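One letter stands for each residue in the lines below.
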Amino acid sequence: MEGIKISKMSHADILQVWAIGKRCFTTPWQLSSFKYELCNRDAILRVAVFDNEIAGYVCVRSILDMTHVLDLAVMPGYRRMGIGSMLIGNALQELRRSNTGASLITLEVRESNIAAVKLYEGLGFKETGRRRGYYQKPREDAVIMELDMKADNSHRTSL
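Predicted model only: the values in this text are computed from it and were never measured. (Residues numbered from 1 in each chain as written. Predicted model: local features only at pLDDT ≥ 70, side-chain atom pairs only at ≥ 80, totals over all residues. Heavy atoms only, no water.)

Peer 1: Describe the overall build of the protein chain, with residues and values.
Peer 2: Secondary structure summary: the protein chain contains 4 helices and 7 strands in total. In sequence order, the secondary structure elements of the protein chain are arranged as β-α-α-β-β-β-α-β-α-β-β. When the backbone C-alpha atoms are referred to their principal axes, the protein chain occupies close to 40 × 35 × 30 Å. Considering only contacts in the protein chain between residues 6 or more positions apart, those separated by 24 or more positions represent 62%. For the protein chain, the exposed area adds up to about 8,800 Å²; of that, 50% sits on carbon and sulfur atoms. Across the protein chain, the centroid of the 22 positively charged side chains sits 3 Å from that of the 18 negatively charged ones. (Helix = DSSP H or I, 4+ residues; strand = E, 2+ residues; numbered from the N terminus. Contact = heavy atoms within 4.5 Å. Areas by Shrake-Rupley, 256 points an atom, 1.4 Å probe, with all protein chains shown as cover. Lys, Arg positive; Asp, Glu negative; His and termini not counted. Charge placed at Lys NZ, Arg CZ, Asp CG, Glu CD.)

Next comes the structure, spelled out in structure tokens:
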């Protein structure tokens, strides 16, 4: 989307990012979680900015050869514009650049969040399992999805 800029999340962004999480999720991250991840050298945190306003964010962290998408949110007025794909794509590019050795990217998503499942599928993620009762408010199963960074994912939508 034209006019969207993806940049590293900074401490100055935290309150806006936290507000987005509270707006988008029934059980959002605590402010302290964002602060912790900002100081974690194995974390990749990005914001999508449009007209000087944060439209979305992503938090990703690597541990050895595995990477987990911890949190991704896009403000309701900015959804279905490709911002989620841009955020994940930027994080994946950073993973490749940093050469962390991460070969597997995992995430959980509410089974009822069909739009998010489709987004991840379009990026090459595949469903690999379920976590029963993983989410609260309302109680719901999580779909576990994975992306093999070493596999041929040429069918995915562009990052």
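Peer 1: Would you mind going over the pattern of salt bridges in detail, with residue names and values included?
Peer 2: Counted under the stated rule, the structure contains 9 salt bridges. Residues Glu108 and Arg131 are paired through a salt bridge, measuring 3.1 Å at the closest nitrogen-oxygen approach. A residue pair is termed long-range when its members are at least 10 positions apart, and Glu108 in strand S5 (residues 104–110) and Arg131 in strand S6 (residues 126–135) qualify at 23 residues. The salt bridge partner of Glu140 is Arg110, with a shortest N-O separation of 2.9 Å. Here Glu140 is found in strand S7 (residues 140–148), whereas its partner Arg110 is found in strand S5, with 30 residues between them in sequence. Both residues of the pair, Glu140 and Arg110, count as buried. Taken together, the shared-partner salt bridges in this structure form one network comprising Arg46, Glu94 and Arg97. (Salt bridge = Lys/Arg side-chain N within 4 Å of Asp/Glu carboxyl O. Buried < 20%, exposed > 50% of the residue type's maximum accessible area, 1.4 Å probe, protein only.)

Peer 1: For the nonpolar core, give the residues involved together with the corresponding values.
Peer 2: Membership of the largest hydrophobic core comes to 46 residues, with the highest contact counts inside it found for Tyr57, Ile88, Tyr120 and Phe125. Excluding residues within four positions of it along the chain, Tyr57 makes contact with Met9, Val17, Ile20, Gly21, Phe25, Phe34, Arg46, Val47, Asp71, Leu72, Ala73 and Leu87. (Core = buried A, V, L, I, M, F, W, Y, C linked by side-chain atoms within 4.5 Å.)

Peer 1: Let's hear about the side chain of Arg110: which residues, and what values?
Peer 2: Assessed through its relative accessible area of 17%, Arg110 is described here as buried. A polar side-chain atom of Arg110 sits 2.8 Å from the main-chain carbonyl oxygen of Gln136. Polar side-chain contacts of Arg110 include one of 2.9 Å to the side chain of Glu140. Not counting residues within four places of it along the chain, the set of residues in contact with Arg110 comprises Thr26, Val117, Tyr135, Gln136, Lys137, Pro138, Glu140 and Asp141. (Polar contact = N/O pair within 3.5 Å; in protein donor to acceptor, adjacent residues only side chain to side chain.)

Peer 1: I'd love a proper account of the packing of aromatic side chains, names of residues and values included.
Peer 2: Taken as a whole, this structure holds 5 aromatic pairs when the rule is applied. Consider the rings of Phe50 and Tyr78, whose centres lie 5.9 Å apart with planes at 70°: the pair is edge-to-face. Of this pair, Phe50 sits in strand S2 (residues 43–50) while Tyr78 sits in the loop between strand S4 (66–74) and helix H3 (83–98); the two residues are 28 residues apart in sequence, bridging distant segments of the chain. Taken as a pair, Phe50 and Tyr78 share a single burial class, namely buried. Judged by centre distance (5.6 Å) and plane angle (65°), the ring pair of Tyr120 and Phe125 falls under edge-to-face. For the residue pair Tyr120 and Phe125, the accessibility class agrees, reading buried in each case. Through pairs of rings, three or more aromatic residues link up here, namely Trp29, Phe34 and Tyr57. (Phe/Tyr/Trp six-rings, centres within 6.5 Å; stacked < 30°, edge-to-face > 60°.)

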